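Topology and contacts: notes
One letter stands for each residue in the lines below.
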Amino acid sequence: MAKPRKQKNEDQKAETSEALVRHQKLCLSIDVDRRLIYGYTELEVAVPDSGVIGLHADNLGIESVSVDGLPAQYEHFPHYKNVESDERWSTVSSASSAADVASSIYISSLEREMVPNLLIMCSKDVEVVGNEQQAEQRLDNGSQPSTESKQNVRLVHIDYWVEKTGTGIHFADTLLHTDSQIRRACCWFPCMDITSQRCCYDLEFTVPQDLVAVSNGTLLYQVLSKDDPPRKTYVYRLSVPVIAQWISLAVGPFEILPDRHSGLLSHLCLPSHLTKLHNIVGFFHSTFSHFEDYLASSFPFGSYKQVFIAPEMAISSLSLGASMGIFSAQILYEEKVIDQTIDTRIKLAYALARQWFGVYITAEAPNDEWLLDGLAGFLTDSCIKRFLGNNEARYRRYKVLFMFLQKNSTFVYAFSNGLPCNPANCAVCKADDTGATALSSSAACKNLYGTQCIGLYGKIRSWKSVAVLQMLEKQMGPESFRKILQMIVFRAQDATRSLRTLSTKEFRHFANKVGNLERPFLKEFFPRWVGSFGCPVLRMGFSYNKRKNMVEMAVLRGCTASSNSTAYVLNGNPDSDNREGDVGWPGMMSIRVHEIDGMYDHPILPMAGEAWQLLEIQCHSKLAAKRFQKPKKGTKPDGSDDNGDVLPTMDMLSNAESPLLWLRADPEMEYLAEIHFNQPIQMWINQLEKDKDVVAQAQSIATLQALPQLSFSVVNALNNFLNDSKAFWRVRIEAAFALANTASEETDFAGLQHLIKFYKSRRFDANIGLPRPNDFHDFAEYFVLEAIPYAIAMVRAADKKSPREAVEFVLQLLKYNDNTGNAYSDVFWLAALVQSIGELEFGQQSILFLSSLLKRIDRLLQFDRLMPSYNGILTISCIRSLTQIALKLSGFIPIDRVFELVRPFRCLKAMWQVRIEASRSLLDLEFHCKGIDDALSLFIKFLEEEPSLRGQVKLAVHTMRLCQIRGGSESDIKRESLVALLGLLDSYMAFNNVFLRHHLFCILQILAGRPPTLYGVPRDQMHQFGQTETSVGRINESLALEKETIPPAMEPPIEASKEAVEVSKDVPEPSTEVPQPSIDVPQPSKEIPPEASKETDTASNGYERKMPVFKIRVKPSAASSRAETDNLTIEKSQGTHHHENDRGASSSVSVDAPPHQHVEEINSSNERGSHMTASIGSAKVDELVKELQCTAESSKVTVPPQHDDRDDLDLQRYASLQSLSVVGPNSSGKEKDKKEKEKKRKRNDPEHLKKKRLKKERRQKEKELAKVISGEPTVTLAAESLDGKLDVPIVKAAMVQVKPGESSGSKLVIKRFDTKAEPSEGSSAPKLKIKIKNRTLNK
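The paragraphs below set out a description of the structure included in this document. The model shown is predicted, which means the values in this text are computed figures rather than measured ones.

1. A short note on the overall build of the protein chain
A count of helical and extended segments in the protein chain gives 37 helices and 43 strands. Here the protein chain holds 1339 residues, and 54% of them are scored as buried. Taking the contacts inside the protein chain whose residues are at least 6 apart along the sequence as the reference set, 76% of them involve residues at least 24 apart.

Right, here's the structure in full:
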């Protein structure tokens, strides 16, 4: 049996070098009129041995700091610094370079926020503060026992005020509220804003008398002051230790609506929303009681408060806090509204579930956050099953809420709460193909700083975590899983435990101990599903063996992720063993066979195994022998007779000759797998008509509508299911869309006729042929009928246009809509009709109805302006449809006119939702008409004008979607747009809104063709745009803070020498006929500063066999240590021709370099006509001209001794050196002929002869001047064989000239270097060695 993890106590934590907050008191006075917040906080802190207390405090003005009543020395520096300089973006030239800079800016900002920026010095000679009374008081508050009074606990008092209220805390009119953004609690009170610090709180807030202050914990009392005007103080106590992120505050003129069923529940909202608030109070008590019953425990906090604020103020629809939640009032709904009910109930249930798992019980490490998120989602799913039905729960598990992909793009029936037509398992499987979606992988969570929960990958991780826990529930049973959750909560409520954390290892132990799952299964389950990524893909087909009465099934296994990446994650996971062979999933999948005698489950399909596998399933039913009847003589080729019934088709015959009705794989959804199952069409029809499971029905509908050739039997089956009022309404909606998809000229538009007939049979008056007044008492029928107009608008003829009947039908419904006498609102009903107009495709016959449709849209806009609809949904639908029509008919409708129609809805006085939808429409028009660059420019403009934080995020999400669907290359984006996006990423606006900052980073990554996540971003070389070094440098210089209090990534990098440079190479494509030689080029060292990359040279290497091999070795010299480093360039202009069978000559160049120069060897094979340049550190060149004479003596040829171990020589090549560029000499015959002709012409040219004579005289004078100069550096060229005895080739003298005064440094130019002799085939190639000794010229 697995051993339980040892409990951690606070004594072990206190022994570390980090400070530990035992208790914190927060007292604030809030002036809403002047928007001022000031007060103090007191912290009981266990001081580390270093005597330095590090707190987080941003946007705060620190007035004074005292420790135990005595003034203390402190230093405070902000995390955000506004650096405005155009030189910062000098390296940005493309989308790829902008993405690199964005990664550096984002990572450095996240790392800076992790470092404490309020450093308080505590002297070590003061006696320990604390007595038994204080210890007992802390024990009563839920803190630690009196044994911890032995530690160095100090009382830190900080007086401060809030400088800027745009981050973490926000003002709007007479309302103030906080948000739960990551690491933003420190923006309104000093604290240790990290997930590992938890403590209890005493909270006091003084506000004007007419306002209400709502905060965490239990309200102890209220105090009314004697000030003029009077002020009221609200005193709260939170006796459960929580992290600083869950401390919340909301102040405003709230209306309080207590729950009549429980005194623990309170609901608050603004006076204008009070009537809507009454609609959610009645059912919420049922959800609250269900959670307590399911977990067999009372609510962990003393009370629970739900606060609803204006939508434009909220940064998201939900802001969590301990014992409270701040919601957007957008989810409130009137009694007449139907569509919002289900979504609101689920959202409120999820927020309550997070109080148990996430706030009360927290993750032990970042790798365990998936477990708390999954448990909260699982608890919410149990509430859906309890109150909304099992069909709703199973359908939601099968389908995924892709709101962020569907909302505001193409309309996917909002009436069905945004549920799309994609299977949940398939949706998660398709996205679960990268390490960013691994739940508990150290590689996925490491250095992501909490951003793994934001954006697309955060949503995928949340869905996957719930699906994994549901798989475990299926394996162990619902009661066993429920006992595990009850045990987790019971253990957290144990008073003897100081920590209320949960880890993946502990949950795995519970699954083995309580769930009775075997350890071998768990040993494979958790590494594969939790520690890795990728989901299984199963493709199945079968045939019936009549002789054996057996089903023969073939299975092809696959994975959504590549096998190499999956195996790498598995092997890199410490919880998994290194496994050889195929990577599979544990468990056995069931195959359910529906026969004529009943249903049978066969758990025979292993999830792991070979790629191909053949299974045999024994059937239980048997058919009596029947004789096959031959067709009559008068039958037609299609099998029909004029006087007889239609004979069965081959598909029906095959079904009649077997006892099988239909088959299903994984019917209970025990695995998160992508399944492709093939069976005859009649079996899919049987499954649709006879299987009562909503998942089976949805699977059959999805398969039938995707058939390449449709028969009338398929259309009739879909129509019969649509008319079945006993079927689940969500699946009936899918049948309606499937009918629209099957409508074509091949089927005589039977699907379209069935849809129109179904709608008219329920909504039209048969006597007058017009729609009856609306009646929405049957909610299921309401949702189905609401979907019909949009399904009809999706029908297409052969010319890809909407049929005339479909356009006329939509116009008729919109024209004769009458809501008189209806008890419910028709705003979503009308919105669906308007959205249907945007889906229509107008042809020559239907274009005549366009003007009438546009008039109806204009009339609805005017009506909604006078009497605004619920959340402006009607205006939003009109704007969206107008945009779609304008894009489809851009040749007929002027886009500028549409711009003028939509732009007025962007005014600040407009409703928040309407303003954002107008901005989205304008972005769509700009993108489709002018391109992504103009859309980005417009997005930046809109972003700067948008005042709401949530609106900024939605604009960024929409722009990110546009970047994902764009075509073209990086060249279609201008540098100015990229620089503007980088400026926004590094702006104070992004610092205020962490969601906006993350999506801006994702936009820049998508533009460069990269995934929108921090996962996989290299952190070896921090870019120069980061400001990490500045913050840490101040800490180290001022207070000598220990390294343990600073993350390793924040330590200042070791400064590399100025001589270190990077090496870059540009390798051409190798020839198909010539094998490609290996070239070792070193990678940039981690210690290289960013400045070195500015002078990176380009190395161009050719690929030609039997070419000379050059080795350059740079060695430090004592004589050269006094010299500065400049760049020398060695140019080899000519080379020799070698026979293919001969070995190329090898040269070794040894240059004395200054100290601190890295040593490197580079071997390169060069083409003929290659040009080699090498940047080499040289001595300081004075104003005098230096000219070096290189002589070669064959008697002095030497070769350095060669190592026996060639691996050591290869390792030396991986060091920092200047770039090497090699280009071979040109050997073309045509060019030689041209050169010979040019030489002959110059010989007869008197001017050329005169210039040549003057040049010769000038060279002679320079040689005489060089002899006079004392202390000139000498260069000797020598060659030697490996054994010391070798025929030495004749080497011509080479002229080496150093030219000072150039910006890039002096250059060493070898004018000519030619070898006359060739080495023999059997002998080793000679090596040339150049030694340059540098001295100062003044010596």
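Picking up after the structure, the text goes on.
2. Considerations on helix 2 (residues 95-114)
Compared with the 28 Å implied by 1.5 Å per residue over 20 residues, the 29 Å span of helix 2 between its first and last C-alpha is a close match. The element helix 2 is extensively covered by neighbouring structure, given that 17 of its 20 residues are classed as buried.

3. A closer look at the sheet that holds strand 7 (residues 118-121)
Pairing between sheet strands relies on hydrogen bonds along the backbone, with the strands arranged either parallel or antiparallel. Here three strands make up an open sheet; going across it, the order is 3-7-6 and the pairing antiparallel. Looking at strand neighbours, the two that pair on one side only are strand 3 (52-55) and strand 6 (74-76), the edges of this open sheet. Looking at each pair of strands side by side, their axes are set apart by 15 degrees on average, direction ignored. As judged from the four bridges shared by strand 3 and strand 7, these two strands associate in the antiparallel manner. When the sheet's bridge partners are listed, glycine 54 is paired in strand 7 with leucine 119.

4. As for the pattern of salt bridges
Applying the stated criterion to the full structure yields 32 salt bridges. For glutamate 734, the salt bridge goes to lysine 399, with nearest N and O atoms at 2.8 Å. Of this pair, glutamate 734 sits in helix 20 (residues 729-742) while lysine 399 sits in the loop between helix 7 (390-398) and helix 8 (403-406), and the two are 335 residues apart along the sequence. Classification of glutamate 734 by relative accessible area gives buried; the value is 6%. For lysine 399, a relative accessible area of 4% puts it in the buried group.

5. Some words on helix 27 (residues 895-902)
Considered for burial, the residues of helix 27 that qualify are Ile895, Val898, Phe899 and Val902. The buried side chains of helix 27 occupy one side of the element, clustering within an arc of 105 degrees when seen end-on. Every exposed residue of helix 27 that faces more than 90 degrees away from the buried side is listed here: Asp896 and Arg897.

6. Points about the environment of lysine 305
Note on placement: lysine 305 falls in strand 18 (residues 304-309). For the pair formed by lysine 305 and methionine 324, sequence separation is 19 residues and the distance between their alpha carbons is 4.6 Å. Contacts of lysine 305, omitting those with residues within four sequence positions, involve Val214, Ser215, Gly217, Ser266, Leu268, Ser323, Met324 and Gly325. Within the structure, lysine 305 has its side chain in polar contact with the backbone oxygen of glycine 217 (distance 3.0 Å).

7. Notes on the packing of helix 6 (residues 369-387) against helix 11 (residues 455-476)
Orientation of helix 6 relative to helix 11, taken along the N-to-C sense of each, is 70 degrees, at an axis distance of 8 Å. Judged by the inter-axis angle, helix 6 sits roughly perpendicular to helix 11. For the crossing formed where helix 6 meets helix 11, the hand is right-handed. Contacts from Trp370, Leu371, Asp373, Gly374, Leu375, Gly377, Phe378 and Asp381 in helix 6 reach Arg461, Ser462, Ser465, Val466, Val468, Leu469, Gln470 and Glu473 in helix 11.

8. Here's the deal with the packing of helix 28 (residues 912-930) against helix 29 (residues 932-945)
Interhelical geometry of helix 28 versus helix 29 gives an angle of 155 degrees and a closest axis separation of 7 Å. With respect to helix 29, the element helix 28 is oriented roughly antiparallel. Considering the relative orientation of helix 28 and helix 29, their crossing is right-handed. Between helix 28 and helix 29, the contacting residues are Ser919, Leu922, Leu923, Glu926, Phe927 and Lys930 on the first element and Ile932, Asp934, Ala935, Leu938, Phe939 and Phe942 on the second. Split into classes, the residues belonging to the contact of helix 28 with helix 29 amount to eight nonpolar, one polar and three charged.

9. Quick look at the sheet that holds strand 13 (residues 218-224)
Within the open sheet, the eight strands sit side by side as 5-4-8-2-1-11-14-13. Their pairing is mixed. The sheet terminates laterally at strand 5 (70-71) and strand 13, the two strands that pair on one side only. Relative to strand 14 (residues 231-242), strand 11 (residues 199-208) runs antiparallel, the two being bridged by nine bridges. What sits directly across from valine 207, in strand 14, is lysine 232.

So, how was this worked out
Residues numbered from 1 in each chain as written. Predicted model: local features only at pLDDT ≥ 70, side-chain atom pairs only at ≥ 80, totals over all residues. Heavy atoms only, no water. Helix = DSSP H or I, 4+ residues; strand = E, 2+ residues; numbered from the N terminus. Buried < 20%, exposed > 50% of the residue type's maximum accessible area, 1.4 Å probe, protein only. Contact = heavy atoms within 4.5 Å. Expected span 1.5 Å × (residues − 1). Pairing = 2+ DSSP bridges. Axes fitted to C-alpha atoms, helices over the stretch in contact; angles between N-to-C directions. Salt bridge = Lys/Arg side-chain N within 4 Å of Asp/Glu carboxyl O. Arc of directions from axis to C-beta. Polar contact = N/O pair within 3.5 Å; in protein donor to acceptor, adjacent residues only side chain to side chain. Parallel < 35°, antiparallel > 145°, perpendicular 65-115°, else oblique. Left-handed = near helix turned anticlockwise from the far one by under 90°. Nonpolar A, V, L, I, M, F, W, Y, C, P; charged D, E, K, R; others polar.

By themselves, these figures tell us nothing about what the structure is for.
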